[in-house]
Amino acid sequence: EKGGYDYFMLKEIDEQPRAVAETLLGRLNDAGQIVLDEVRLTDQDLRDVDKIFIVACGTAYHAGLVTKYAIEHWTRIPCEVELASEFRYRDPVLDRSTLVVAISQSGETMDTLMALRHAKEQKARVLAVCNTNGSTIPRESDAVLYTHGGPEIAVASTKAFLTQLTACYLVGLHLAQVRGVMFADEVAAVVERLQRTPDQLTALLAEMGPVRQLANDLRDASTVLFIGRHVGYPVALEGALKLKELAYMHAEGFAAGELKHGSIALIDQGTPVVCVVPSPVGRGVLHDKVVSNIQEVRARGARTIVIAEEGDEAVAAYADHLIRVPRTPTLLAPLMTTVPLQVLACGIAAARGNDVDQPRNLAKSVTVE
Ligand code: F6R
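Quick notes on the rules
Residues numbered from 1 in each chain as written. Predicted model: local features only at pLDDT ≥ 70, side-chain atom pairs only at ≥ 80, totals over all residues. Heavy atoms only, no water. UniProt positions renumbered as here; feature names shortened; annotations may be inferred. Helix = DSSP H or I, 4+ residues; strand = E, 2+ residues; numbered from the N terminus. Rg over C-alpha atoms; globule rule 2.2 N^0.38 Å. Buried < 20%, exposed > 50% of the residue type's maximum accessible area, 1.4 Å probe, protein only. Contact = heavy atoms within 4.5 Å. Lys, Arg positive; Asp, Glu negative; His and termini not counted. Charge placed at Lys NZ, Arg CZ, Asp CG, Glu CD. Pairing = 2+ DSSP bridges. Axes fitted to C-alpha atoms, helices over the stretch in contact; angles between N-to-C directions. Polar contact = N/O pair within 3.5 Å; in protein donor to acceptor, adjacent residues only side chain to side chain. Parallel < 35°, antiparallel > 145°, perpendicular 65-115°, else oblique. Nonpolar A, V, L, I, M, F, W, Y, C, P; charged D, E, K, R; others polar. Near = heavy atom within 4 Å. Areas by Shrake-Rupley, 256 points an atom, 1.4 Å probe, with all protein chains shown as cover. pLDDT = per-residue confidence, 0-100. Salt bridge = Lys/Arg side-chain N within 4 Å of Asp/Glu carboxyl O. Expected span 1.5 Å × (residues − 1). Arc of directions from axis to C-beta.

The name recorded for the chain in an unreviewed UniProt entry is Glutamine--fructose-6-phosphate aminotransferase [isomerizing], from Pilimelia terevasa. Quoted verbatim from the Function (unreviewed entry) field of UniProt, the annotation for the chain is "Catalyzes the first step in hexosamine metabolism, converting fructose-6P into glucosamine-6P using glutamine as a nitrogen source." Quoted verbatim from the Subunit (unreviewed entry) heading of the UniProt record, the comment on the chain is "Homodimer."

See the structure below:
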């Protein structure tokens, strides 16, 4: 069943090009409009939305954090992302013109389901992004966009994350189009870049040998830190989560600019710091800020593992290990930059002799609050 792989996780990491491609399949109609699966909301309902909340847990929450950057940029609708387990206890301000997006691979996560039910009681509209046909979360939602990732067996989410990102980008583009903030040709241009990502992922996955080697080197590290900015920040959080759950190591993700406000004190001689670098193209300021953050940690002894785009020459001087990813528009970069972090966590866990597919204390679907 593992198709020649040692672990389902490795198989699922390699399935990501196809999973993303299938999630994109058939989403553009002849008029160049994005088609969602089950939308029991009118275009007018979507035009009336004046606030978006994304609710999710764990890896799906990280997909939500990336989505916030895309949705606000494309639609100009204010968008908040909240851990589903915190949402209803905060008594959030919701009404008919609020759209709540619930992201869940399983469609059965109790925290996310309870957040959704709370949103519905407050008359908000709910859109689910889900991988499991007919599960509870999509059944109780007003609209659904399915991720076509296929079954995910390994407890640690990999292809689910990439397909959640893909589907959420489509949601953002659909909203932007319906509301008239993006024209069909602008949407098509982003979709075209999305459609290139499966081939780019295939190329990236073929280059993961050095990452597996690095994983072996890092097996005895006592802590690994991850830093990123903008959409690279949730990628840093996701890289740290994968490492915690699989390798049982202390790992933490930080917004690169926040490090100097306290956490940089953690860095000691040889502390591994994984740095997710934004594209130097288009948003050079963002890129340069991260490069100076890398210099800061290196000056304090960090061993830097730098994830940077092909052609980004400026970072090489500050990288103890340099991992290249294919070039994408800034907002789509998490589809690439996450992959080496998955491979790294999987490799470290395997090197430590852990059960990669069934980490201790975890279940695939968390059906208690
Ligand atoms: C991490 C992981 C979990 C899930 C979370 C939500 O690798 O798998 O953090 O992402 O429990 O699960 P779903 O998406 O099924 O709601």
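## Describing the overall build of the chain
Looking only at helices and strands, the chain features 13 helices and 11 strands. Against the globule reference of 21 Å for 369 residues, the chain gives a C-alpha radius of gyration of 20 Å, in line with a compact fold. Counting the 369 residues in the chain, one finds 58% classified as buried. Within the chain, residue pairs in contact and separated by at least 24 positions form 74% of the contacts whose partners lie at least 6 positions apart. Taken together, the 37 basic and 47 acidic charged side chains of the chain have centroids lying 2 Å from each other.

## Concerning the pairing of strand β7 (residues 223-228)
Across the six residues of β7, six count as buried, placing the element largely inside the fold. Burial of the side chains of β7 extends over both faces: Thr223, Leu225 and Ile227 are buried on one face and Val224, Phe226 and Gly228 on the other. The pairing of β7 with strand β8 (residues 250-255) spans six bridges and is parallel. Bridging from a neighbouring strand, Leu225 pairs with Glu252 of β8. As judged from the four bridges shared by β7 and strand β9 (residues 272-276), these two strands associate in the parallel manner. Looking at the pairing, Ile227 lines up with Cys275 of β9.

## Digging into the sheet that holds strand β4 (residues 98-104)
Taking strand neighbours across the sheet as the criterion, the six strands line up as β1-β6-β5-β4-β2-β3 in an open arrangement whose pairing is mixed. Only two strands of the sheet have a single partner each, and these edge strands are β1 (38-39) and β3 (79-83). Strand contacts of helix α4 (residues 58-75): β2 (51-56), β3 and β4, with the helix running at about 175° to β3, the strand carrying the most contacts. Together, β2, β4, β5 (125-130) and β6 (143-146) form the strand contacts of helix α8 (residues 159-178), whose direction differs from that of β5 by roughly 145°.

## Details of the side chain of Thr75
With respect to the helices and strands, Thr75 occurs in helix α4. Reaching out from Thr75, the side chain makes a polar contact with the backbone oxygen of Ile71 at a distance of 2.6 Å. Side-chain polar atoms of Thr75 contact the backbone nitrogen of Ile77, separated by 3.0 Å.

## Some words on the packing of α4 against helix α11 (residues 232-247)
α11 packs onto α4 with a crossing angle of 170° between their chain directions and a minimal axis gap of 9 Å. Taken together, the axis directions place α4 and α11 in an arrangement best described as roughly antiparallel. Two secondary-structure elements touch here, α4 through Gly58, Thr59, His62, Leu65, Val66 and Tyr69 and α11 through Tyr233, Pro234, Leu237, Glu238, Leu241 and Lys242. Of the residues in the contact of α4 with α11, the class split is seven nonpolar, three polar and two charged.

## Structural notes on the site of the ligand
The full set close to the ligand counts 14 residues, and Ser104, Gln105, Ser106, Thr109 and Glu245 are the nearest of them. Between Ser106 and the ligand, the recorded distance is 2.7 Å, taken from a side-chain N or O atom to an oxygen atom. Between the ligand and the protein, one listed contact pairs an oxygen atom with a backbone N or O atom of Ser157 at 2.9 Å. Within the complex, 89% of the 410 Å² of free accessible area of the ligand lies under protein. At the level of elements, α4 and α11 are the ones that each hand at least two residues to the shell around the ligand. The element that contributes the greatest number of residues to the shell around the ligand is α4, accounting for three residues. Within the shell around the ligand, the residues separate by chemical class into four nonpolar, eight polar and two charged.

## Some remarks on the confidence of the model for the chain
Looking at the chain as a whole, the pLDDT averages 95, with 100% of positions reaching at least 70. At the level of chain-chain contacts, confidence expressed as ipTM amounts to 0.96, with global pTM at 0.97.

## Section: the pattern of salt bridges
Evaluation of the coordinates by the stated rule reveals 18 salt bridges. Lys364 is paired through a salt bridge with Glu152; the nearest N and O atoms lie 2.7 Å apart. Taken together, the residues span a long stretch of sequence, with Lys364 in the segment after α13 (334-351) and Glu152 in the loop between β6 and α8 at a distance of 212 residues. Under the relative-accessibility criterion, Glu152 is labelled buried at 8%. For Arg298, the salt bridge identified is with Asp320, shortest N-O distance 2.9 Å.

## Things to note about the sheet that holds β8
Note on sheets: strands pair through backbone hydrogen bonds, and any given pair is parallel or antiparallel. The sheet built from five strands is open, its strands ordered β8-β7-β9-β10-β11 with parallel pairing. Both edges of this open sheet fall to β8 and β11 (321-325), since each of them pairs with a single strand only. Direction aside, neighbouring strands of the sheet carry axes that sit 20° apart on average. Contacts from α11 reach β7, β8 and β9 within the one sheet, and its direction differs from that of β8 by about 175°.

## Here we look at helix α12 (residues 284-299)
Between its terminal C-alpha atoms α12 stretches 23 Å, which fits the 22 Å expected from 16 residues at 1.5 Å a residue. Buried within α12 we find Leu286, His287, Val290, Val291, Asn293, Ile294 and Val297. Angular distribution of buried residues about the axis of α12 spans 160°; they occupy a single face of the element. Facing away from the buried surface of α12 by more than 90 degrees, the exposed residues are Val285 and Ala299. Contact partners of the buried residues in α12: β7, β9 and β10 (303-309). Of the residues flanking the end of α12, it is Gly301, one or two places downstream, whose phi is positive at about 105°.

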